[in-house]
Structure formats: C-alpha cells, structure tokens
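Examination of the molecular architecture
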Amino acid sequence: MTTRTADAVIVGAGVLGASVASHLARSGHRVLVLDRGAPGREGSGTTAGNLHMQAVHTKRPGQAVPLDSARFLPLQRAASDRWETLEEELETSVEVRRTGGFTIAETDEQCRELHDKHGWEAAAGIPTEILDGDAARAALPLLGPTVAAATWCDLDGYANPLKVTPAYLDSAARHGGRTLAFAPVRRITRNGDGWRVVAGHGAAERVVDTPVVVDVAGPWLGEIAAMAGITLRMTPVAIQMHATVRSSATMSHLVQHIGEGLSVKQVAAGNLLIGGGWPALSMDLAGRSGTSLDSLVGNVALAVRVLPFIRDLRLLRMWAGPLAATPDEMPVIGEVPGAPGFYVAGGTYAFTFAPLWGETLRCLIEGKPPPVDISDLGPGRLMVPAGGSARDNGLEQENPQDRRSKRC
Ligand SMILES: Cc1cc2nc3c(=O)[nH]c(=O)nc-3n(C[C@H](O)[C@H](O)[C@H](O)COP(=O)(O)OP(=O)(O)OC[C@H]3O[C@@H](n4cnc5c(N)ncnc54)[C@H](O)[C@@H]3O)c2cc1C
C-alpha cells in the first residue's frame, strides 16, 4: 500500500467537484478528485442544465419549505457573471445558451408574486421585465391562453451538462489535477493536522494524506461527512425529467412557472426538455430511482397547458436523477466548524452555482475572502450534535410519492 499526498482531495466528480478541482489546479494546488463511479453521471449527468438567473419558483412539487428567493438572487446574479465567461475560462464550448427566459403566471395571486419577484430581482441587479399575457404571447406565440402575465429575463439560459463537468475536469488535468474514477472513498480519518482518505478496494486501494478534503458528493455528501465523524442534516431526493421527440417548432427561450414546478426548453437537436423538480420514486442510496407515472402526468400536463404545441409531440424518454436537499432548501458551502480543512458544498441549484461555488471554495481554502457573502450558508447550521443523527431531526427521507400528495 503506497501513501500519496495531495494539496486537496475532492470527493465527488460531479459538476461541483470538477469546478473546484479546476479552480484549485489553475491556482497551483495539487488536486486529486475521487469518484465512486464515472465522473458526471449522477446529479450532474441527469440535471436539466438550466441556468436559473431570474428567481425560481420557491417550491418544487412536494417540497416542505419554500426557498428564500430574495436571499438566493444575489447569488444568482454572481453566478450569471461567471457563466458569461466560462467557455473562455475552460477553453472549450459547453453549449452555453443565454437566450433569455420567461417565468409565467396564470392566476391573480401568481401575478402578484411576479411583481414581488420583479422587485427582489431589481434589488439584486437582475434585469427583468413584466409583460401582460398578450405581450408575453406576442414575444413567444407558443405560449397558451392561460398565461396571464410573465417576467422576461435576458440572463436565463442553459448549458449542456454532459459537456460542463468533463470540460472542468479537462481544465484541472491541464494544470496537473488528477481524477480517479471508480475509486469509492471508504474512510476519512484525522491525520495530524490534516486528513487521511482511503479509497478503492484490494489492489486498487489508494491512501492519500492531505490537509484539505472537499466533500462535494451530492446526495452522498452526508455519508462522506459521516466518515469523518460529522453528522449533517442533508436529505437525498430524486426528481425526474421528460424529453420529447424533436419539434419542428422553434423555441429558443427557457419557460418556467412562478407557482408550479415547470421548466421547458428546446435543446440544440430540437427535443423539448420538460422538468421542474417533480419527484421520482424513492431513491435508494445506491443512487438508483425509478420514474413516477404521477409526476410524468402532472409535469407534462402542466407543460401542455402553458405551451399547447407540446400536446402533439411524443415522449421520447424520461429519467430520474438525485440531488441533495438541505432542511431550509438553501445551498450549503463552507468549512465544517471543528473540522479544520474539511469543506462541503452542495444543495439546491448546484448546476447554476457550480462556477461560483468552485471559485468560492478556492478562496476559502486559500484563506481569501469569498466573492459572495456565504456567512449564513455554512455547514454549521446543518450539524447534529455528537450522539445525534440526521434521523433524530426528522430528516429521514420521505417517500416522494407521499410528498407529492401533499403538493399544494
Ligand atoms: C433531474 C434534475 C434536474 C436538475 N435541474 C437543475 C437545473 O436545471 N439547474 C440547476 O442549477 N440545478 C439543477 N439540478 C440540480 C443540480 O444539477 C445538481 O444538484 C448538481 O448537478 C449536483 O452536482 P454535485 O457535483 O453536487 O453532485 P453530483 O453530480 O451528484 O456528484 C456527486 C458525485 O459524488 C460521487 N460519490 C458519491 N459517493 C462517493 C464516494 N463514496 N466516493 C467517491 N465519490 C462518491 C458520485 O458518484 C457523484 O459522481 C437538477 C438535478 C436533477 C437531478
């Protein structure tokens, strides 16, 4: 058994792990990324890939606690700037499309919410414009008659998730970073002032000593933290996506709903991708989850109501993907109190935030001020005192089907 060293061991080769690896490697750190499987196959390979810059709907279907949109928006503004320069930074195309997006409202209450949202966006420096239903249909004639109003935001967009994570890992590799796939992390122990990380099995076992561990294991973030004796209240959740066959109609904008779980866009090949956080069947922690027929029907019916042309398209495929939810639905990022050198990042909208969180983690690890205020987003708020467990705190994973039935 050979013990190696690294300046930072990154656990998880999803988009967050790849982003922080690239940021650290470009700054001269020797990084090692470990993944139990192939890189970019879990949340980051199943994501819708939307770049959410105007406020998102505050509750995905079944979500117990609404998202604090006003708090989220300054982070979205900062993330937006970083997506603007990402392809240049990574020296390749990741199919970033900033073609703008609509968030639509159908009821009077939702129209009022659109106005509140518009105010928060203005305060955060995110330019949005309010349109009545006719003006929205004039701008996007594919919108249906139930659309009563919409906000338009130039900054919304999407990128190809199957390109983003590999491009970040390539960028890290060009600067000396290494990625080991199929190397499951099994043990993390304190080792002097740093950490000892053991990954893989048998002849493939690796032992790495490092001052810095970055736990970006997505839905398994809590499991990895537990190896280091840290109990974090995180809940793995599985949600699903639906893809239609190619459409001859052209829709270059992202369409979301202010009050219900909906995001629709057309990818370069012409297929429509329909999502919005509808729950898949319960996720087992091997990471597999079946798709839910209820969610298929609910999500697609909503899409057809808002964009009636979808009614004529056949469904090509549907899939489920895992994500990590925090009890307050806000992202988590920072060093774990009492565990120097152990950093975590994950949670809500991690695809949109990947460029920002990669840079933020680099700054924290280098002892520099982060580019945005993350003082209220640290892992301390999720920690369970010694002897407790995430379950004691009511965070046992609910069956998404149960949550679905509580949807308002
Ligand atoms: C269907 C769906 C749609 C979404 N849509 C959007 C969207 O439109 N916009 C947006 O911003 N966000 C969206 N999200 C959320 C976002 O995409 C994900 O949260 C994000 O990609 C997660 O990235 P990550 O790097 O944190 O985790 P992941 O991509 O899940 O990566 C975690 C990695 O950790 C590895 N790992 C686990 N255990 C171990 C171990 N023991 N040892 C080593 N490695 C381990 C896993 O194999 C995995 O590769 C969506 C998520 C899903 C599922």
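For clarity, every value in this text was computed on a predicted model and none was experimentally measured.

Time to look at the pattern of salt bridges. Counting across every chain of the model gives 17 salt bridges. Counted as one network, the salt bridges with shared partners bring together Glu106, Glu260 and Arg305.

Turning our eyes to something else, we now look at helix α7 (residues 161-174). For an α-helix, 3.6 residues make a turn, and residues three or four places apart therefore share a direction. For α7, which comprises 14 residues, the first-to-last C-alpha distance of 20 Å matches the rise-based estimate of 20 Å (1.5 Å per residue) to within 8%. Residues of α7 that are buried include every one of Pro161, Val164, Thr165, Ala167, Tyr168, Leu169, Ser171 and Ala172, and no others. For α7, the capping residue at the N-terminal end is Asn160, with a side-chain oxygen 2.9 Å from the backbone nitrogen of Leu162. Gly176 lies just past α7 and shows a positive phi near 90 degrees.

A separate point is the side chain of Thr151. Positionally, Thr151 belongs in strand β7 (residues 149-153). Only 2.7 Å separates the side chain of Thr151 from the side chain of Gln54, close enough to count as a polar contact. The contacts of Thr151, once residues within four sequence positions are left out, are Gln54, Gly101, Phe102, Thr103, Leu114, Lys117, Thr128, Glu129 and Ile130.

The computed volume of the second largest pocket comes to approximately 630 Å³. Forming the boundary of the second largest pocket are 27 residues, of which Asn160, Pro161, Val267, Ala268 and Leu273 lie nearest the centre. Contributions of two or more residues to the lining of the second largest pocket are made by α2 (43-46), α7, β16 (263-266), β17 (271-275) and β18 (315-325). For the lining of the second largest pocket, the residue count by class is 14 nonpolar, 9 polar and 4 charged.

In this section: the nonpolar core. In this structure, Ile10, Trp83, Val164, Val214 and Trp357 are the most contacted members of the largest nonpolar core, which totals 55 residues. Taken together, the elements giving at least two residues each to this core come down to β2 (8-11), α1 (15-26), β3 (31-34), α3 (69-84), α4 (86-90), α7, β20 (342-346) and α10 (350-365). In terms of residue count, α10 provides more of this core than any other element does, 8 residues in total. When near neighbours in sequence (up to four residues on either side) are disregarded, Ile10 contacts Gly17, Val20, Ala21, Leu24, Val31, Leu32, Val33, Leu34, Val214 and Val216. Ranked by size, the runner-up nonpolar core spans 30 residues in total, among them Ala183, Leu221, Val336 and Val344.

Basis of the calculations
Residues numbered from 1 in each chain as written. Predicted model: local features only at pLDDT ≥ 70, side-chain atom pairs only at ≥ 80, totals over all residues. Heavy atoms only, no water. Salt bridge = Lys/Arg side-chain N within 4 Å of Asp/Glu carboxyl O. Helix = DSSP H or I, 4+ residues; strand = E, 2+ residues; numbered from the N terminus. Expected span 1.5 Å × (residues − 1). Buried < 20%, exposed > 50% of the residue type's maximum accessible area, 1.4 Å probe, protein only. Polar contact = N/O pair within 3.5 Å; in protein donor to acceptor, adjacent residues only side chain to side chain. Contact = heavy atoms within 4.5 Å. 1 Å grid on protein atoms, 1.4 Å probe; cavity = no way out; pocket = protein on both sides within 12 Å on 5 of 7 lines; lining within 4 Å. Points joined across faces, edges and corners; volume = space filled by probe spheres on them. Nonpolar A, V, L, I, M, F, W, Y, C, P; charged D, E, K, R; others polar. Core = buried A, V, L, I, M, F, W, Y, C linked by side-chain atoms within 4.5 Å.

Without other data, these values stay purely geometric and don't point to any function.
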